[in-house]
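# Fold and contact review
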Amino acid sequence: DAGVIQSPRHEVTEMGQEVTLRCKPISGHDYLFWYRQTMMRGLELLIYFNNNVPIDDSGMPEDRFSAKMPNASFSTLKIQPSEPRDSAVYFCASSLYLGTLYGYTFGSGTRLTVV
Amino acid sequence: GESVGLHLPTLSVQEGDNSIINCAYSNSASDYFIWYKQESGKGPQFIIDIRSNMDKRQGQRVTVLLNKTVKHLSLQIAATQPGDSAVYFCAENYSGNQFYFGTGTSLTVIP
């Protein structure tokens, strides 16, 4: 398996534009997580899915953020409209269980810069 | 959520020396802990784990120590190498629920 695959690796966009981040989890993993990483706040859980269903979205900053998982092999995180404070690295992770042995498998992240 | 914090945000060590990275956790009921390593431009990767019924666990050049009395976790890296330069996170878990991550410590190895 190629691991968790995220695209794009880097995204630079202007304030006010829509941004869509994509993730392909490891096949067979029932849980998918979206994290945001900044120097000040570290890794923050935004939302996670179980069997394609959003379970906990309490970490989503505001209505500008939305996430979907239309099938077991694909998820998107959308920011509309984007703002400079959204600049961060966004990670997708997947796992077999919520509190699984060895933790979560992370993708390489998408570095988002909003100017 | 639970609070998982690191004592030192940055650490610089000479190549060949041992490194110690610390982590404090707040939930005394947490029963499973993981250390992750995050290299530049990559996502966090599993290094070593420990359950709460253990005080110490050793891997290849790494040792994790757990002190439940003071809710403290440490990662020791022996004979630190340039390839060990990275950000290290601890993560805690209670009873199979979601993991909570610390803010990370940046380790720089000086050749």
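Our structure is the block above this text.
Residues numbered from 1 in each chain as written. Chains lettered and ligands numbered in written order. Predicted model: local features only at pLDDT ≥ 70, side-chain atom pairs only at ≥ 80, totals over all residues. Heavy atoms only, no water.

## Digging into a nonpolar patch on the surface
Where nonpolar side chains cluster on the molecular surface, the patch consists of Leu101(A), Tyr102(A) and Phe46(B) and spans about 280 Å² of accessible area. Among the secondary structure elements, Leu101(A) is positioned in the loop between strand S9 (88-95) and strand S10 (105-106). (Patch = residues over 30% accessible without salt bridge, like charges linked within 9 Å, V, L, I, M, F, W, Y side chains within 5 Å. Areas by Shrake-Rupley, 256 points an atom, 1.4 Å probe, with all protein chains shown as cover. Salt bridge = Lys/Arg side-chain N within 4 Å of Asp/Glu carboxyl O. Helix = DSSP H or I, 4+ residues; strand = E, 2+ residues; numbered from the N terminus.)

## Focus: the packing of aromatic side chains
Under the criterion given, the structure shown has 15 aromatic pairs over all chains. Summarising the aromatic geometry, the rings of Phe91(A) and Phe106(A) are spaced 6.2 Å apart at their centres and angled 85 degrees between planes, so their arrangement reads as edge-to-face. Pair noted here: Phe91(A) is in strand S9 and Phe106(A) is in strand S10, with a separation of 15 residues, a long-range link. Seen from their ring centres, Phe106(A) and Phe101(B) are 5.8 Å apart, and the 80 degrees between their planes marks the pair as edge-to-face. Residue Phe106(A) is found in strand S10, and its partner Phe101(B) is found in strand S10 (residues 100-101); the two belong to separate chains. Accessibility classification places Phe106(A) together with Phe101(B) in one group, the buried group. (Phe/Tyr/Trp six-rings, centres within 6.5 Å; stacked < 30°, edge-to-face > 60°. Buried < 20%, exposed > 50% of the residue type's maximum accessible area, 1.4 Å probe, protein only.)

## Focus on the state of the cysteines
Covalently bonding the sulfur atom of one cysteine to the sulfur atom of another cysteine gives a disulfide. According to the stated counting rule, one finds 2 disulfides over all chains in the structure shown. Residue Cys23(A) pairs covalently with Cys92(A) via a disulfide, S to S 1.9 Å. The disulfide joining Cys23(A) to Cys92(A) has a torsion of about -70 degrees about its S-S bond and is therefore left-handed. Of this pair, Cys23(A) sits in strand S3 (residues 19-24) while Cys92(A) sits in strand S9, placing them 69 residues apart in sequence. Two residues share a disulfide in this structure: Cys23(B) and Cys90(B), whose sulfurs sit 1.8 Å from each other. An S-S torsion of about 50 degrees defines the bridge between Cys23(B) and Cys90(B) as right-handed. (Disulfide = S-S within 2.5 Å.)

## Some details on the nonpolar core
One finds Trp34(A), Leu77(A) and Tyr90(A) to be the most contacted residues of the largest nonpolar core, which totals 21 residues. Breaking this core down by element, the ones donating at least two residues are S3, strand S4 (31-38), strand S5 (42-50), strand S7 (65-71), strand S8 (74-79), S9 and strand S11 (110-114) of chain A. Residues Cys23(B), Phe33(B), Val62(B) and Cys90(B) belong to the second largest nonpolar core, which totals 20 residues. (Core = buried A, V, L, I, M, F, W, Y, C linked by side-chain atoms within 4.5 Å.)

## Quick look at the interface of chain A and chain B
Listed by partner, the interface residues are 19 residues for chain A and 19 residues for chain B. Of the roughly 1400 Å² buried where chain A meets chain B, counting both sides, 58% is carbon and sulfur surface. Where chain A touches chain B, the interface holds 0 salt bridges. Those elements giving two or more residues to the side of chain A that touches chain B turn out to be S4 and S5 of chain A. The biggest single contributor to the side of chain A that touches chain B is S5(A), with 4 residues. A class-by-class count of the residues in the side of chain A that touches chain B yields 10 nonpolar, 7 polar and 2 charged. (Contact = heavy atoms within 4.5 Å. Buried area = accessible area lost by both parts, 1.4 Å probe. Nonpolar A, V, L, I, M, F, W, Y, C, P; charged D, E, K, R; others polar.)

## With respect to the pattern of salt bridges
Taken as a whole and judged by the stated rule, the model has 12 salt bridges over all chains. Between Asp49(B) and Arg57(B) there is a salt bridge, and its shortest N-O distance comes to 2.2 Å. You can call Arg57(B) partly exposed: its relative accessible area is 35%. One continuous salt-bridge network, built from bridges that share partners, spans Glu62(A), Arg64(A), Glu83(A), Arg85(A) and Asp86(A).

## Overview of the pairing of strand S8 (residues 72-77) of chain B
All names here are of chain B. Here 6 bridges tie strand S3 (residues 19-25) to S8, and the two strands are oriented antiparallel to one another. Considered in S8, the bridge of Ser 19 is made with Ile 77. Note: strand S7 (residues 62-67) against S8, 6 bridges, orientation antiparallel. Opposite Leu 65, over in S8, you have Ser 74 as the bridge partner. Here S7 hands over to S8 after 4 residues, with Lys 71 in that stretch at a positive phi of 55 degrees. (Pairing = 2+ DSSP bridges.)

## Here's the deal with the pairing of strand S11 (residues 105-110) of chain B
All names here are of chain B. Taking every second residue as pointing to the same face, the buried face of S11 carries Thr 105, Leu 107 and Val 109, while none of Ser 106, Thr 108 and Ile 110 on the other face is buried. Strand direction decides the pairing type here: strand S2 (residues 10-14) and S11, joined by 5 bridges, are parallel. Opposite Ser 12, over in S11, you have Thr 108 as the bridge partner. With 3 bridges connecting them, strand S9 (residues 86-93) and S11 associate as antiparallel partners. Counted as the bridge partner of Ala 86 is Leu 107 from S11.

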